[in-house]
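So you can see what is in the structure, the chains are spelled out below.
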Amino acid sequence: VLEKSVAVAQKGYDISLERFRTGTINRNDLAQAQQRLTTAKINNLTALIDYQIGLADLKRRTLFDFVKNEPVRAIIVE
């Protein structure tokens, strides 16, 4: 869902950039479109980071790798 949000924000920004180049909108309108794109990208990255952290925490707590579908092997450091 967030990837689609980024795609929509990117298209909106591209349209706004073209409109700015033709003089239809001003600098503030372009800045708002850029801010929406930046916010969408940050939200997408934040969700991905949260997912990876949750997956790593689950792996640590259960000693099972759900990505590889196998138990976690112990690594002995001497």
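Calculation rules
- Residues numbered from 1 in each chain as written.
- Predicted model: local features only at pLDDT ≥ 70, side-chain atom pairs only at ≥ 80, totals over all residues.
- Heavy atoms only, no water.
- Helix = DSSP H or I, 4+ residues; strand = E, 2+ residues; numbered from the N terminus.
- Buried < 20%, exposed > 50% of the residue type's maximum accessible area, 1.4 Å probe, protein only.
- Phe/Tyr/Trp six-rings, centres within 6.5 Å; stacked < 30°, edge-to-face > 60°.
- Expected span 1.5 Å × (residues − 1).
- Arc of directions from axis to C-beta.
- Contact = heavy atoms within 4.5 Å.
- Core = buried A, V, L, I, M, F, W, Y, C linked by side-chain atoms within 4.5 Å.

Trainee: Teacher, can you tell me more about the environment of Asn69 here?
Mentor: Among the secondary structure elements, Asn69 is positioned in the loop between strand 1 (64-65) and strand 2 (70-71). Given the relative accessible area of 60%, Asn69 is considered exposed. Residues Asn69 and Gln52 lie 17 residues apart in sequence; the distance between their C-alpha atoms is 16 Å.

Trainee: What is the right way to look at the environment of Ser5 in this model?
Mentor: One can find Ser5 in helix 1 (residues 2-22). Measuring from C-alpha to C-alpha, the distance between Ser5 and Thr39 comes to 9.9 Å, with 34 residues separating the pair along the chain.

Trainee: Help me out: how do you make sense of the packing of aromatic side chains in this one?
Mentor: Note on aromatic pairs: each is described by the distance of the centres and the angle between the planes. By the definition in use, this model includes 1 aromatic pair. Here Phe64 and Phe66 contribute two aromatic rings whose centre-to-centre distance is 5.0 Å and whose plane-to-plane angle is 65°, an arrangement assigned as edge-to-face. Take Phe66: its relative accessible area is 47%, and that puts it in the partly exposed class.

Trainee: Would you take a moment to explain helix 1 for this structure?
Mentor: In this model helix 1 runs 30 Å from its N-terminal to its C-terminal C-alpha over 21 residues, within 8% of the 30 Å that 1.5 Å per residue would give. If you check which residues of helix 1 are buried, you get Val6, Ala9, Tyr13, Ser16 and Leu17. Seen along its axis, helix 1 keeps its buried residues to an arc of 105°; they face one direction. Pointing more than 90 degrees away from the buried face of helix 1 are the exposed residues Lys4, Val8, Lys11, Ile15 and Thr22. Close packing links the buried residues of helix 1 with helix 2 (27-62). Residue Gly23 follows helix 1 closely and has a positive phi angle near 90°.

Trainee: Any chance you could explain the nonpolar core here in plain terms?
Mentor: The nonpolar side chains of a soluble globular protein tend to be buried with one another. Counting residues in each nonpolar core, the largest one holds 8 residues, listed as Val6, Ala9, Tyr13, Leu17, Leu30, Ala33, Leu37 and Ala40. Looking at this core, the elements that each hand over two or more residues are helix 1 and helix 2. In this view, Ala33 contacts Tyr13 and Ser16; residues no more than four positions away in its chain are not counted.

Limitation: the analysis is restricted to geometry and does not speak to function.
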